[in-house]
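Letter by letter, the chains look like this.
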Amino acid sequence: MEYITLANGYQLPMLGYGTLHIPPKQTKECVLKAFEAGYRLIDTAASYQNEKEIGEAIKESKLKREEIYLTTKVWVQDAGYENTLQAFHQSLENLGVDYLDLYLIHQPYGDYYGSWKAVEELYQQGKIKAIGVCNFSPERFMDLYMNSLIHPMINQLEFHPFYQQKNQKCVLKQCDCLLEAWGPLNEGQRDIFHHPMLLDIAKKHQKSVSQIILRWHLENHIIAIPKTTHLKRMKENIDIFDFQLDKEDKKQIEQLDLGYSEIIDHQNYMTAKWLNKYKIHD
């Protein structure tokens, strides 16, 4: 594993395991498989409804707490200072831990300024090792950055060869904030695993397309959290530390950028309406 250093000096693995869309009844087994494959960075969120199962997997794994890098997120429904404090402690209880390695504001909606104040306090109390946001567009990120006591250290965004977020990367670099990629394999869309260019690069390095894409993330200094429920693919995805892409490979992959998302548009008013209406508890 390779590690990357955040603005506060804390280090995170550059490759983690994502748990979005994994049904709760499968989550424990999948996380245990991920641990077996060598993953130590586990990403979840209150809205995924699988924190308790991840907590069970951590307990059953017998791994030491300090060996695991645990991320979860506060949902829009729990935006605001008091709500976020309550949501944070509920997540700790669900996960069966007494601190988090990374806590993120999941969406740029609702009273996320109140949420950020709570997150800053929890960080200062040592209950969180690093703090950040998720899905914040450049202007919303910069506004929060300019009005925060402790700046976001991570912005977790959709990032993959078809959506390379070049403007976001420039903004985050200015702010000494790292990009963490959700959907690094484009959730399998656009038949990405059979793209002719990516297949050619994979053949050249005797690797799979997913390994090429994840290596490309790593060489762009971006944390990636691919999701799969299959142990074979988990092992394949983490086997990316024994080769390097060359300049021509990177130049070719850069040409795949569409410049927009085909998964979700967080700056669309209908997205804001839908996510604000989505409730994860009574």
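Up top is the structure.
Below is a short write-up of the structure. (Residues numbered from 1 in each chain as written. Predicted model: local features only at pLDDT ≥ 70, side-chain atom pairs only at ≥ 80, totals over all residues. Heavy atoms only, no water.)

Details of the overall build of the protein chain
Assigned secondary structure in the protein chain consists of eleven helices and ten strands. The C-alpha atoms of the protein chain give 18 Å as radius of gyration, which agrees with the globular expectation for 282 residues (19 Å, within 12%). Along the longest, intermediate and shortest principal axes, the C-alpha atoms of the protein chain span 55 × 45 × 35 Å. Counting the 282 residues in the protein chain, one finds 57% classified as buried. In the protein chain, once contacts between residues fewer than 6 apart in sequence are set aside, the share between residues at least 24 apart is 75%. (Helix = DSSP H or I, 4+ residues; strand = E, 2+ residues; numbered from the N terminus. Rg over C-alpha atoms; globule rule 2.2 N^0.38 Å. Buried < 20%, exposed > 50% of the residue type's maximum accessible area, 1.4 Å probe, protein only. Contact = heavy atoms within 4.5 Å.)

Focus on the environment of Gln 165
In this structure, Gln 165 sits in the loop between β8 (154–158) and α6 (166–174). The sequence separation of Gln 165 and Tyr 260 amounts to 95 residues, and the corresponding C-alpha distance is 8.1 Å.

Describing the sheet that holds strand β5 (residues 69–74)
Pairing is parallel in the open sheet, where eight strands are placed in the order β3-β4-β5-β6-β7-β8-β9-β10. At either end of the open sheet lies a strand with only one pairing partner, and these are β3 (17–18) and β10 (223–224). The pairing of β3 with strand β4 (residues 41–43) spans two bridges and is classified as parallel. The residue bridging Tyr 17 from the neighbouring strand is Ile 42, located in β4. (Pairing = 2+ DSSP bridges.)

Remarks on the pairing of strand β6 (residues 100–105)
Of all the six residues making up β6, six are buried; the element is thus mostly covered by neighbouring parts of the structure. Two elements, β5 and β6, share four bridges in a ladder whose sense is parallel. For Val 74, the partnering residue across the bridge sits in β6 and is Ile 105. Traced from β6 through helix α4 (residues 112–124) to strand β7 (residues 128–134), the parallel crossover comes out right-handed. (Right-handed = clockwise from strand over helix to strand, strands pointing away.)

Regarding α6
Of all the positions in α6, only Gln 168, Val 171 and Leu 172 are classed as buried. Angular distribution of buried residues about the axis of α6 spans 95°; they occupy a single face of the element. Opposite its buried face, α6 presents the exposed residues Lys 173 and Gln 174, each directed more than 90 degrees away. Asp 176 sits one or two residues past α6 and shows a positive phi near 55°. (Arc of directions from axis to C-beta.)

Notes on the side chain of Asn 155
By the element assignment, Asn 155 lies in strand β8. Setting aside residues no more than four positions away along its own chain, Asn 155 makes contact with Val 133, Cys 134, Asn 135, Phe 136, Phe 141, Gln 168, Leu 172, Cys 177, Leu 178, Leu 179 and Glu 180.

So, the environment of Asn 276
With respect to the helices, strands and loops of the structure, Asn 276 is situated in helix α11 (residues 269–277). Look at Asn 276 and you get partly exposed, because its relative accessible area is 32%. Setting aside residues no more than four positions away along its own chain, Asn 276 makes contact with Val 76, Tyr 109 and Gly 110.

Focus on the packing of helix α7 (residues 196–205) against helix α10 (residues 247–254)
The relative placement of two packed helices comes down to the angle between their axes together with the axis-to-axis distance. Look at α7 against α10: their axes get within 10 Å of each other, and the N-to-C directions meet at 160°. Accordingly, the angle class assigned to the pair α7 and α10 is roughly antiparallel. Helix-helix and strand crossings are classified by hand; for α7 and α10 the assignment is left-handed. Mapping the contact onto sequence places Met 197, Leu 198, Ile 201, Lys 204 and His 205 in α7 and Asp 249, Gln 252 and Ile 253 in α10. (Axes fitted to C-alpha atoms, helices over the stretch in contact; angles between N-to-C directions. Parallel < 35°, antiparallel > 145°, perpendicular 65-115°, else oblique. Left-handed = near helix turned anticlockwise from the far one by under 90°.)

Some thoughts on the packing of helix α1 (residues 24–37) against helix α9 (residues 231–238)
With their axes 9 Å apart at the nearest point, α1 and α9 run at an angle of 40° to one another. As far as their axial angle goes, α9 and α1 are oblique. The handedness of the crossing between α1 and α9 is right-handed. Contacts between α1 and α9 involve Cys 30, Lys 33, Ala 34, Glu 36 and Ala 37 from the first element and Leu 231, Met 234, Lys 235 and Ile 238 from the second.

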